Amino acid sequence: MTDPRLPATPETIAVYADLNCAFAHVGVYRLHETRRRLGLEGKIWFDLRCFPLELFNKRVNYRPGVDSENAVLSGVEPDAGWRLWQGPDWTYPVTMLPALEAVQAAKSQSWHASEQLDRALRLAFWAQGRCISLRHVILEVAEETGAVDVDRLAAALDTGFARSLVMEQFHSAENGRVICSPHLFLADGSNLANPGIALHWVNGGFGTGAPVIDKDDPTVYEEFLGRAAALLKS
């Protein structure tokens, strides 16, 4: 039986991630930067998959936990784009499902459109403090990318074209088959969970304590994308 976690073709890397996850924000930034540095743009694509923390945890992703990760990980990869939430609490996103759905819908246009929308939505939330739960904000962000057909995306959102994909990817990740956000997979089964970063929490867990980074090795991205490039030649 085909493993649903794996990308269908060797030129894609499956990236399971949530949008409201600071570790995924670091991971997606490093994927883009490493691909650019290695000259693999247009050769290797990122198949952004849903790892919806709100469905796994059956609750909103606690803002205190998100803020604590923001404070630590902004120092790990400052150029990814960060800012503590400045708006009133009632403007904070309560769900990421519509935005995750939009990224899936954009795949029907191109890998490039999907990648650019995903990256722009992350920046909109983490660096600009925008409520990406809202339809009009998602479409504004899509327009700003210059890579997404906004009318097609709006129609896809309004018809629920990609909604089932969100749930399919959630179910493919259940029961520990995908460990965390982010978790990367290649077509040959190679995978990396939270690449290069090891951590522990002090004074409580997510939402009450603070993360402490024990290890950070960004070179694992070069090794992983190099392996992806080698699969293209095999």
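Residues numbered from 1 in each chain as written. Predicted model: local features only at pLDDT ≥ 70, side-chain atom pairs only at ≥ 80, totals over all residues. Heavy atoms only, no water.

Notes on the overall build of the chain
Here is step 1 of the chain: Counting its secondary structure elements, the chain contains nine helices and six strands.
Here is step 2 of the chain: A compact globule built from 234 residues would reach a C-alpha radius of gyration of about 17 Å, and the chain, at 17 Å, matches this within 12%.
Here is step 3 of the chain: If you line up the chain on its principal axes, its C-alpha atoms span 50 × 45 × 35 Å.
Here is step 4 of the chain: Among the 234 residues that make up the chain, the fraction classed as buried is 51%.
Here is step 5 of the chain: A separation of at least 24 residues holds for 75% of the contacts in the chain among residues at least 6 apart in sequence.
Here is step 6 of the chain: Within the chain, the 29 negative side-chain charges are centred at a point lying 2 Å from the centre of the 22 positive side-chain charges. (Helix = DSSP H or I, 4+ residues; strand = E, 2+ residues; numbered from the N terminus. Rg over C-alpha atoms; globule rule 2.2 N^0.38 Å. Buried < 20%, exposed > 50% of the residue type's maximum accessible area, 1.4 Å probe, protein only. Contact = heavy atoms within 4.5 Å. Lys, Arg positive; Asp, Glu negative; His and termini not counted. Charge placed at Lys NZ, Arg CZ, Asp CG, Glu CD.)

Observations regarding the layout of surface pockets
Empty space among the atoms becomes apparent when a probe as large as a water molecule is rolled across them.
Here is step 1 of the chain: Empty space within the largest pocket amounts to approximately 260 Å³.
Here is step 2 of the chain: Considering the residues around the largest pocket, the lining is formed by 14 residues, among which C21, F23, L53, E69 and S181 are closest to the centre.
Here is step 3 of the chain: Residue composition of the lining of the largest pocket, by class: seven nonpolar, five polar and two charged. (1 Å grid on protein atoms, 1.4 Å probe; cavity = no way out; pocket = protein on both sides within 12 Å on 5 of 7 lines; lining within 4 Å. Points joined across faces, edges and corners; volume = space filled by probe spheres on them. Nonpolar A, V, L, I, M, F, W, Y, C, P; charged D, E, K, R; others polar.)

Some details on the packing of aromatic side chains
Here is step 1 of the chain: In total, this model carries nine aromatic pairs according to the counting rule given.
Here is step 2 of the chain: Ring geometry for F51 and F56: centres 4.4 Å apart, planes at 25 degrees, overall stacked.
Here is step 3 of the chain: Of the residues examined, F56 reaches a relative accessible area of 27% and is grouped as partly exposed.
Here is step 4 of the chain: Summarising the aromatic geometry, the rings of Y92 and F125 are spaced 5.8 Å apart at their centres and angled 65 degrees between planes, so their arrangement reads as edge-to-face. You can see Y92 sitting in the loop between α3 (63–76) and α4 (97–106) and its partner F125 sitting in helix α5 (residues 111–126), a full 33 residues away along the chain.
Here is step 5 of the chain: Judged by its relative accessible area of 12%, Y92 is buried.
Here is step 6 of the chain: Through pairs of rings, three or more aromatic residues link up here, namely W82, W85, Y92, F125 and W126.
Here is step 7 of the chain: The cationic tip of R59 hangs over the ring face of Y62; the distance from NZ or CZ to the ring centre is 3.9 Å. (Phe/Tyr/Trp six-rings, centres within 6.5 Å; stacked < 30°, edge-to-face > 60°. Lys NZ or Arg CZ within 6 Å of the ring centre and 35° of its normal.)

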